[in-house]
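The residues making up each chain are set out below.
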Amino acid sequence: MNLFQRIPAAVSLAALCAASAAHAGALTVNVVDAAGKPLLDAVALLEPASGKAAVKPMPDVEISQAKRQFQPRVTLITVGTRATFPNFDTVRHHVYSFSPAKTFELKLYAGVPNAPVTFDKPGVAVLGCNIHDTMAAWVVVSDTPWFARSAANGHARIEAVPPGNYRLRVWHPGLPVNTEPTPVAITIGAADLEQRAQLAVTALP
Amino acid sequence: MSAFSRLMPDWFRRSIGARIVALSLLLLFAVQLASFSAISASLGAHARRVLPDELMVGEHVLNSLLDQNAQKLTDGARLLAADYGFRSAVQSNDDETIVSALDNHGARIGATEVALLGADFALRAATDDSARTLAPLAALLAPRAVNGGVASEIAMLGGKPHQIVLVPMKAPVVVGWVLMGFPLDTRLVTDMRNLSALNLTVLTRGSPSAPWSTALTSLPPALAAELAHETWNAQAGGDAAMRSVHLNGEEFGVHARWLTPAGNGQDASVLALVSLSIDEAVRTPRDLQIGLATITLLGLLAFMVGALFAARQVTTPLRELSAAADLLGAGDYDAPVHGMQRHDELGHLARAFDQMRSSVGDKQQQILQLAYWDSLTGLPNRVQFRDAVRDAIAQAKSTPAADGTAPTVAVVMLDLDRFKHVNDVLGYRVGDLLLGRVAERLSQQMVRGGDLVARLGGDEFAVLLRQGDAALAASVAQRIGAAFDEPLKLEEHTVDMGAGIGIACWPEHAVDADSLLSRAEVAMYAAKRRTEGPVMYDPSFDAASSQTLSLLTELRQAVEQNELRLYLQPKLMLHTGRVSGAETLVRWLHPTRGLVPPMSFIPFAEQTGFIRTLTMWVFEEAARHWLALQAEGIPMTLSVNLSTRDLLDPDLPIKFDALLVKHRVPAEAFCLEITESAIMDDPTRALATLNKLSELGFKLSIDDFGTGYSSLAYLKRLPVDELKIDKSFVMSMEKDLDDAKIVRSTIDLAHNLGLSVVAEGVENVKAWDMLRDLECDEAQGYHMGRPMPATDFHRWTTAWSTKQRTGPAAAASGFMLH
């Protein structure tokens, strides 16, 4: 299921200005919620307007469970990256994902499961625990190397982007399931760019 | 009222108690009925008042039931949606698998329709076609479901009302929605019925224009069908609290609640009707009815017992009083009345009744006293005496004497002489005193126990000698006669008493008590006539007795049939010897008995008043004879005796005058003789008559002068011309000096008053001479001539006159011609 093509636009992105540079530039996206407040853990991706950028799997990432919470809540990886799910709690967890990006389940376990999980398709996988309904984590699997996750100030800075035309996609776990604002065309030059993105998010799920 | 009382049974009319009981019960019943009606009305009114509230409560209950149901279904659906296997199956993306998972897992919790929607409410899968129609509902429910609330609605699915719930499917975020439909089943109406006692009917229709049909109901199907026929329209401003509907003749309060919200995108509607029978609600609860009926019944019982008791309190004393009254009626005055110690009205009545009892008893005693006792003397009266005689005879009959001789009963009866005279002269008070003393004397003579002295009435007394024979009776009679010899002293008066005493014995003289008394009476009258001691009854008296009884008739016949004869007794002038007049006397020549003596009928005639007829007869005869004498040349005055009754007849002067006119006789031809006692009976009237007679010209004479008690002063006022000295004085004056003195002083007195004097009872020449010496005017007596028939008198007079002419001295000396 292609996440990026199906979802109708629910958010509008305002392109501010386009600057072109001969060498790689950086884009800072300021993500705010419906009330205009900065959003943490928002994900910004830049896809080339044409063609496909080659990505390499990243080193294994760890999505641990402690105090009956996934840590981190949002993990940003490239396609092919493996994730481990160490359990630091004294109780067992049953981690699963029904998401098309990666469907799996790690049946009741304690400690570190034997095999890491490889996320081999782009998209968002929502992770849950079958024992603890409140536990949720998102793994965003990117097929582009240019992405960033927003900090508490809502700023997601994508570095070393070669100049060119791109589509900017912004996503946040608070968005309704399987929805994503319409990507915004953006041209990256040598200079740093700043982009504001307001998402129809009211509160963290 | 009378018609009403006629309807009452007999016992009811007769018994106060029954009426009290019946009235009490009736009143209590009325009160109970009234209170029952009041309670019913109040309960009914209350029920009507609270009906809308009850129905509202019913709606709340229904809401609550639906909510609970929704909660339950939601909880079930949630659990199901969270089921890992279910989620796995749903996420499998294999439609067949998804549908079978929905079917399978829905069936677990009783959902008949299950649909899976995407996070965007797009239908992804459904168990059947009707479930597919639910998608629009999901949009309605979603806002509630998103926030974790209960999202539930009622909707029509497959023509049946369903409760629809929407739950999110999380993995772990909301990745889709599960919509489940549960058919409304009878549990809803039963729960409703159990919780609120209200009926619930669920109506459905496919479209606003379609008719309603009943989906569920706790009402009888027929009623529900009628309910469905009513028009039910959604109301803008909310549903009315209550609507009154008549179903099959019964009134129901109905509250409608639309279960399908407007604008749910469906044409079909579901309507819940909470209903309740108003009739049943206002009807008094059965247990209350039973309670009231029981109270009424117990109350009636208690009242009946109480009223019976109260009635007995009244009727028992009343019955006792009634019994006491019966006793009184039967003549028992001695038993005291019950219940006098009571302090209430009945006690008062009893005391009044007892007073009445004793006073009636006293009266009875008095009446008995009056009936059987003589109040003046205290002796038994005639009634008691008669009873006693009867008892004595009965007793004598039943007990033959031991020695073989038959027992006898004797009655001695006596009548006082001259008692009327005592009464006349000394007054009734002395008369009564005399009777008392006589009674005492008689009682003293009776020494034998069982003998009875009684006063029969007037001056009549009687003595009963039980077991007394004739000899005993005679001796008793003698003793009584002797007792009367001694004069009685009454205050300052001394009275000589005498009595006629008659004796009769049973069975010698009479067969029964009445005849015995009658015979004794006959004997007594005989004794009075003879005036010489007691007389024993003799059968020969009976003729005389019966003669007396028919005397009046015979006297009348005597007048009519000319049996009476006029006799004349000459009166002579003492100095000349000439016949100056004659006293007229009546004699009765009875056709069979011969000459009846005057004493045998004159007193009787005086008693009966027939004397007046006799007087008139004598007067008329005298007038006739006077005329005859006149014709023969023998002029004289004829004396006619007047009785008391004549004097008291105010018409007497007129009658006499008429006869004078009729016979052409002058009044001067007559001298009317009146006794002192005749005048003294009623002096005023007598004087009036005398004055009139005197005015007419009649000569008046006082007869039997000296035996009465007339005062001289009174005598002076009388218009009399003559005094006739009583013969008792004249006859004894030769021997008795006192009588001579009386004669002399009477003559002197009369002369002094200017009256002429006639001496009666001149029986010999000596008396004649003495009277002549005393200057008496006229004389009358056997010496000169006895009373003789009128025809003889003419002859006698002629002879006397001739003799007188030839020898007056001889005549005066008493050579009588008879």
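Residues numbered from 1 in each chain as written. Chains lettered and ligands numbered in written order. Predicted model: local features only at pLDDT ≥ 70, side-chain atom pairs only at ≥ 80, totals over all residues.

**Quick word on the overall build of chain A**
The helix and strand tally for chain A stands at 1 helix and 18 strands. Within chain A, the proportion of its 205 residues that are buried is 38%. For chain A, contacts bridging at least 24 residues in sequence account for 69% of all contacts bridging at least 6. (Helix = DSSP H or I, 4+ residues; strand = E, 2+ residues; numbered from the N terminus. Buried ≥ 20, exposed ≤ 12 C-beta atoms within 10 Å, placed from the backbone. Contact = placed C-beta atoms within 7 Å.)

**Points about the overall build of chain B**
For chain B, the helix and strand inventory stands at 31 helices and 27 strands. Looking at chain B as a whole, 36% of its 818 residues qualify as buried. Look at the contacts in chain B between residues 6 or more apart in sequence, and 61% of them connect residues 24 or more apart.

**Side note on the sheet that holds strand β4 (residues 61-62) of chain A**
Residues and elements named next belong to chain A. A sheet is described by the order of its strands in space; here 3 strands give the open sequence β4-β8-β11, paired in mixed fashion. The two strands at the open ends of the sheet, each matched to only one other strand, are β4 and β11 (117-119). Pairing analysis gives 3 bridges linking strand β8 (residues 81-84) to β11, with the strands arranged antiparallel. By the bridge assignment for β11, Ala-83 is matched with Val-117. (Pairing = 2+ DSSP bridges.)

**What to know about the packing of helix α3 (residues 16-82) of chain B against helix α11 (residues 286-329) of chain B**
Residues and elements named next belong to chain B. Two numbers describe how α3 lies on α11: the axes approach to 8 Å, and their chain directions differ by 155°. Taken together, the axes of α3 and α11 lie roughly antiparallel to each other. Where α3 crosses over α11, the handedness of that crossing is right-handed. The residue makeup of the contact of α3 with α11, split by class, is 16 nonpolar, 6 polar and 1 charged. (Axes fitted to C-alpha atoms, helices over the stretch in contact; angles between N-to-C directions. Parallel < 35°, antiparallel > 145°, perpendicular 65-115°, else oblique. Left-handed = near helix turned anticlockwise from the far one by under 90°. Nonpolar A, V, L, I, M, F, W, Y, C, P; charged D, E, K, R; others polar.)

**Focus on the pairing of strand β12 (residues 123-129) of chain A**
Residue and element names in this part refer to chain A. Burial of β12 is extensive: 7 of the 7 residues sit out of reach of the surface. Burial along β12 is two-sided: the residues Gly-123, Ala-125, Leu-127 and Cys-129 and Val-124, Val-126 and Gly-128 are all buried. Relative to β12, strand β9 (residues 93-97) is paired through 2 bridges, and the arrangement is antiparallel. By the bridge assignment for β12, Tyr-96 is matched with Gly-128. The pairing of β12 with strand β13 (residues 136-142) spans 6 bridges and is antiparallel. Each residue of the ladder has a partner; that of Ala-125, found in β13, is Val-139. What sits between β12 and β13 in their antiparallel hairpin is a turn of 6 residues.

**Considerations on the environment of Val-254 of chain B**
Residue and element names in this part refer to chain B. Tracing the backbone through its elements, the reader meets Val-254 in strand β9 (residues 250-258). Sequence separation between Val-254 and Leu-200 is 54 residues, and the spatial gap between their C-alpha atoms is 9.5 Å. With sequence-adjacent residues up to four places away left out, Val-254 is seen in contact with Arg-243, Val-245, Leu-273 and Ser-275.

**Re the pairing of strand β10 (residues 269-277) of chain B**
Residue and element names in this part refer to chain B. The buried fraction of β10 amounts to 8 of the 9 residues, a majority that puts the element mostly inside the structure. Examined bridge by bridge, strand β6 (residues 199-205) and β10 share 7 bridges and lie antiparallel to one another. Bridge pairing links Arg-205 to Ser-269 in β10. For β9 and β10, the ladder comprises 7 bridges, and the chain directions are antiparallel. The residue bridging Gly-253 from the neighbouring strand is Leu-276, located in β10.

**Quick look at the sheet that holds strand β3 (residues 43-48) of chain A**
Residues and elements named next belong to chain A. Across the sheet, which stays open at both edges, the 4 strands sit in the order β14-β3-β16-β17 with antiparallel pairing between neighbours. Looking along the sheet, the strands with just one partner apiece sit at the ends: β14 (146-149) and β17 (184-188). The sheet shows a mean angle of 30° between the axes of neighbouring strands, direction not considered. Bridge count for strand β16 (residues 164-171) against β17 is 5 bridges, and the pairing is antiparallel. Paired with Gly-164 across the two strands is Ile-188, which belongs to β17.

**Some words on helix α12 (residues 345-372) of chain B**
For α12 of chain B, spanning 28 residues, the distance from its first C-alpha to its last is 39 Å, which sits close to the expected 40 Å at 1.5 Å a residue. Taken together, the buried positions of α12 of chain B are occupied by Ala-350, Phe-353 and Arg-357 of chain B. (Expected span 1.5 Å × (residues − 1).)

**Remarks on the packing of helix α14 (residues 419-426) of chain B against helix α15 (residues 428-445) of chain B**
Residue and element names in this part refer to chain B. Close contact between α14 and α15 brings their axes to 6 Å; oriented N to C, the two are set at 140°. Judged by the inter-axis angle, α14 sits oblique to α15. The segment α14 lies against α15, with Phe-419, Val-422, Asn-423 and Leu-426 engaging Tyr-428, Val-430, Gly-431 and Leu-434. Here the residues of the contact of α14 with α15 are counted per class, giving 6 nonpolar, 2 polar and no charged.

**What about the confidence of the model for chain B?**
Residue and element names in this part refer to chain B. Per-residue confidence for chain B gives a mean pLDDT of 83, with 92% of residues at or over 70. No element of chain B has a lower mean pLDDT than helix α31 (residues 808-812), at 47, and none a higher one than strand β26 (residues 778-779), at 94. Scored below 50 in pLDDT, residues 808-818 makes 20 contacts in the model with residues more than four places away or belonging to other chains. What the predictor reports for the complex is a pTM of 0.45 with an ipTM of 0.72. (pLDDT = per-residue confidence, 0-100.)

**Some words on the nonpolar core**
Formed by 125 residues in total, the largest nonpolar core has its most connected members in Ala-44 and Val-139 of chain A together with Val-178 and Leu-179 of chain B. Of the residues forming this core, the biggest block, 9 residues, is contributed by α3 of chain B. In contact with Val-139 of chain A, other than residues within four places in its own chain, are Thr-75, Ile-77, Ala-83, Lys-102, Phe-119, Ala-125 and Leu-127 of chain A. By size, the runner-up hydrophobic cluster in this structure holds 70 residues, among which are Val-579, Trp-588, Trp-626 and Cys-671 of chain B. (Core = buried A, V, L, I, M, F, W, Y, C linked by C-beta atoms within 7 Å.)

**Points about unusual backbone geometry**
The phi torsion of most residues other than glycine is negative, and most of the peptide bonds are trans. The linkage connecting Gln-71 of chain A with the following residue, Pro-72 of chain A, adopts the cis geometry, with an omega of 0°. Trp-506 of chain B connects to Pro-507 of chain B through a cis peptide bond whose omega is 5°. Here Pro-507 of chain B lies in the loop between β16 (499-506) and α17 (513-530). One non-glycine residue with positive phi stands out, namely Lys-67 of chain A, at about 50°. Position of Lys-67 of chain A among the secondary structure elements: in the loop between β5 (64-66) and β6 (69-71). Taking the number of C-beta atoms within 10 Å as the measure of exposure, Lys-67 of chain A has 8 and is therefore exposed. Notably, Ala-160 of chain A is not glycine yet its phi reads approximately 50°, a positive angle. Locating Ala-160 of chain A in the fold gives a position in strand β15 (residues 155-161). On the basis of neighbour count, Ala-160 of chain A is assigned to the exposed category, with 10 C-beta atoms found within 10 Å.

**A few points about the environment of Thr-187 of chain A**
Along the chain, Thr-187 of chain A turns up in strand β17. Residues Thr-187 of chain A and Pro-48 of chain A, spaced 139 residues apart in sequence, show a C-alpha to C-alpha distance of 9.5 Å.

**Concerning the environment of Ala-110 of chain A**
All names here are of chain A. Along the polypeptide, Ala-110 turns up in the loop between β10 (104-109) and β11. Taking the C-beta count within 10 Å as the criterion, Ala-110 has 13 such neighbours and is therefore assigned partly exposed. Residues Ala-110 and Phe-85 lie 25 residues apart in sequence; the distance between their C-alpha atoms is 9.8 Å. Beyond its immediate stretch of four places on either side in the chain, Ala-110 contacts Asn-87 and Arg-92.

**Quick word on the confidence of the model for chain A**
Residues and elements named next belong to chain A. Looking at chain A as a whole, the pLDDT averages 82, with 87% of positions reaching at least 70. Model confidence for chain A, summarised as mean pLDDT per element, is weakest for strand β1 (residues 13-14) at 36 and strongest for strand β7 (residues 74-78) at 93. Counting interchain partners and residues more than four positions distant, the pLDDT-below-50 stretch residues 1-22 has 44 contacts.

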